[in-house]
Amino acid sequence: MRRLFICAAVLGLAFSSAAQAKGCIKGAIAGGVAGSVAGHGKVGAAAGCVIGRHEANKADAQKAAPQTTAPGK
């Protein structure tokens, strides 16, 4: 478990800019925990980082999209 947190911290530092780290750290921790259960903690942490980053970008894109509303009658 200690090794998992060290890997997550290293991944967090590797992607340490504020824009790049959004979603990565949370995903790396979750992926590392899930991966360590399966015996592949480092791979799980890396995959979790990528997936977390993707989800954060997707959420940002949805927030930035203009909201269209139907005209009131």
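Note that the coordinates shown come from a computational prediction; the quantities given were computed from them, not determined experimentally.

Once that is clear, we can look at the overall build of the protein chain. Summing up its helical and strand segments, the protein chain has 4 helices and 0 strands in all. Taking all 73 residues of the protein chain together, the buried fraction comes to 26%. Of all intrachain contacts in the protein chain linking residues separated by at least 6 positions in sequence, the fraction that spans at least 24 positions is 51%. On the protein chain, roughly 5,400 Å² of surface is accessible, and the fraction owed to carbon and sulfur atoms is 66%.

It is worth spelling out the confidence of the model for the protein chain at this point. When pLDDT is averaged across the protein chain, the result is 75; 70% of the residues are at 70 or more. Within the protein chain, the element-level pLDDT minimum falls on helix 2 (residues 18-21), averaging 57, and the maximum on helix 4 (residues 41-64), averaging 84.

This brings us to the environment of Ala 9. Tracing the sequence through the fold places Ala 9 in helix 1 (residues 2-14). With 20 residues separating them along the chain, Ala 9 and Ile 29 place their C-alpha atoms 8.8 Å apart.

Following both chains from N to C, one finds helix 3 (residues 24-38) and helix 4 inclined at 145 degrees, their axes separated by 6 Å at the closest point. In this structure, the crossing between helix 3 and helix 4 has a hand that is right-handed. Side by side, helix 3 and helix 4 meet where Cys 24, Gly 27, Ala 28, Gly 31, Gly 32, Gly 35 and Ser 36 of the first sit next to Gly 41, Gly 44, Ala 45, Gly 48, Cys 49, Gly 52 and Arg 53 of the second. Per-class residue counts for the contact of helix 3 with helix 4 are 4 nonpolar, 9 polar and 1 charged.

On the surface, Phe 5, Ile 25, Ile 29 and Val 33 cluster together into a nonpolar patch covering about 310 Å² of accessible area. In this fold, Ile 25 is placed in helix 3.

Cut-offs and rules
Residues numbered from 1 in each chain as written. Predicted model: local features only at pLDDT ≥ 70, side-chain atom pairs only at ≥ 80, totals over all residues. Heavy atoms only, no water. Helix = DSSP H or I, 4+ residues; strand = E, 2+ residues; numbered from the N terminus. Buried < 20%, exposed > 50% of the residue type's maximum accessible area, 1.4 Å probe, protein only. Contact = heavy atoms within 4.5 Å. Areas by Shrake-Rupley, 256 points an atom, 1.4 Å probe, with all protein chains shown as cover. pLDDT = per-residue confidence, 0-100. Axes fitted to C-alpha atoms, helices over the stretch in contact; angles between N-to-C directions. Left-handed = near helix turned anticlockwise from the far one by under 90°. Nonpolar A, V, L, I, M, F, W, Y, C, P; charged D, E, K, R; others polar. Patch = residues over 30% accessible without salt bridge, like charges linked within 9 Å, V, L, I, M, F, W, Y side chains within 5 Å. Salt bridge = Lys/Arg side-chain N within 4 Å of Asp/Glu carboxyl O.

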